[in-house]
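Chain by chain, the residues:
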Amino acid sequence: MKRTIITITLVFVASLLQAQTSFKKDSTLIKSIYNTALLNGKSYDWLDHLSNEIGGRLSGSFNANKAVKYTKAELDELGLDKVWLQPVMVPKWTRGQKEYAYIETGPGQTSIADICALGGSVPTPKLGIKAQLIEVTSLDELATLGREKIEGKIVFYNRPMQADLINTFEAYGGCVDQRYSGAMEAAKYGAVAVVVRSMNLRADDFPHTGSMTYGDTPVDQRIPACAISTNGANYLSSALKILPSLYFYFKQNCKTYDDVLSHNVIGEITGTEFPDKYMLVGGHLDSWDLGDGSHDDGAGVVQSMEVLRLFKEIGYKPKHSIRVVLFMNEENGLRGGKKYAEEAKLKNEKHIFALESDAGGFTPRGFSFDLDEANFKQVESWKPLFEPYLIHYFAKGGSGADIGPLKEEGIVLAGLRPDSQRYFDHHHAATDTFDAINKRELELGGAAMASLVYLFDTYGTKTELTSIKN
């Protein structure tokens, strides 16, 4: 009996010592990652060029092609084992000449409204559209009003983001359906156009664009769709209460072309032990055209590139093959993410982990994960390693749109979660520019991502470890 107790005690002590040794090793490596990112980071300079020398990178545009060439050249400079372009066909839509709109409260009595076309919208007639409005707060309200009250009018969707939700992405998700499906639904009731309140918690004069769909609506029945700034939406709603018969005029000149060839940009460090098992880190290279796409998603692009650069800089040789993937066409089609997953499946590539950064370059708070309970317990055990860097948020939830198509049993998907309170001030608007980026916050995000990738590379996923034992 004594011998058994002594054996158990020795095993426990050995296990404790091993855990302490591992913690010290991991904390030292993570400290090295953070020191390198903050003292010798590259992400801010990369983003400066991407934003200020190239600018907005709408899919299919000249700037998007420039961004592909630039990021590939920079990855080549890092001395990775492989760098290549993955062809993908993407939609091409252009905004054309700047949009114009006004609110008419009487003959000769007009006030300018700040609007922008929604991405993928059809244009107005050459002379624009002028009609009375019907204000609604949901898609369901359209059915209640019916064709009799909607036909021949412009539908004004005015449901704001819910300000009492701390998670601003939840607030965004609660009202984005009016932007995405609003024109398709309004056309069913004979509306001639739609105006959508911008997805923005701040009261300002900047309209926010974003993707929309017409579904299977015939081309000749599609109606133009624009977004109006939050200040403009508030003014328009107030004016309608006083004068329900007022008119709204707008003109936009957008155009949709045939799909064009573009590319995902991919770089790889080949694993020393498991070269045929892949871990991915990425963001989307395309952006909307109103700003320069610094937060959405230039920040995610350069942070993902920085992960591989940091590993090279500190001399870390990963066990698994680690790829950075800069996806094309997340904003209005997700073609890049779908193409990458499609080719990975065709080549029978085994992905065990993927991490995406597409929530802005603000101060990192933690990560959200799409994974099973066994893997989540492992993730939670790493929290003490992140606490010195004020990374405390570890939760089950979404990961990222571009890595979503990779989802299958056993893979761990994750998303970097920065502080989101200011994100929708800039999201899809002319305010998404480099001057809204804080260098230190951006670098902290890249370091947090590299630290998580290091831990998954070192300890693997629970599913992977089970398959190795079997």
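Residues numbered from 1 in each chain as written. Predicted model: local features only at pLDDT ≥ 70, side-chain atom pairs only at ≥ 80, totals over all residues. Heavy atoms only, no water.

Engineer: Report on unusual backbone geometry, specifying residues and quantitative values.
Structural biologist: Residue Asp297 is bonded to the preceding Asp296 through a cis peptide linkage, with omega at 5°. When you line up the elements, Asp297 lands in helix 8 (residues 294–314). Even without glycine at this site, Leu334 takes up a positive phi of about 60°. Here Leu334 shows up in the loop between strand 12 (320–327) and helix 9 (335–346). The exposure class of Leu334 is buried, given its relative accessible area of 19%. At Leu390, a residue that is not glycine, the phi angle is positive and equals roughly 60°. Within the element layout of this structure, Leu390 appears in the loop between helix 11 (383–386) and strand 15 (393–396). (Helix = DSSP H or I, 4+ residues; strand = E, 2+ residues; numbered from the N terminus. Buried < 20%, exposed > 50% of the residue type's maximum accessible area, 1.4 Å probe, protein only.)

Engineer: Give me the lowdown on the sheet that holds strand 13 (residues 350–356), citing residues and values where you can.
Structural biologist: Here eight strands make up an open sheet; going across it, the order is 1-10-12-11-13-16-14-15 and the pairing mixed. Across the chains shown, the open sheet's two edge strands, defined by having one partner strand only, are strand 1 (82–94) and strand 15. Looking at each pair of strands side by side, their axes are set apart by 20° on average, direction ignored. Here four bridges tie strand 13 to strand 16 (residues 412–418), and the two strands are oriented parallel to one another. Residue pairing for strand 16: Leu355 is matched across the bridge by Ala414. In the packing of helix 9 onto the sheet, the strands contacted are strand 1, strand 10 (255–269), strand 11 (274–284), strand 12 and strand 13, and the crossing angle to strand 1 comes to about 140°. (Pairing = 2+ DSSP bridges. Axes fitted to C-alpha atoms, helices over the stretch in contact; angles between N-to-C directions. Contact = heavy atoms within 4.5 Å.)

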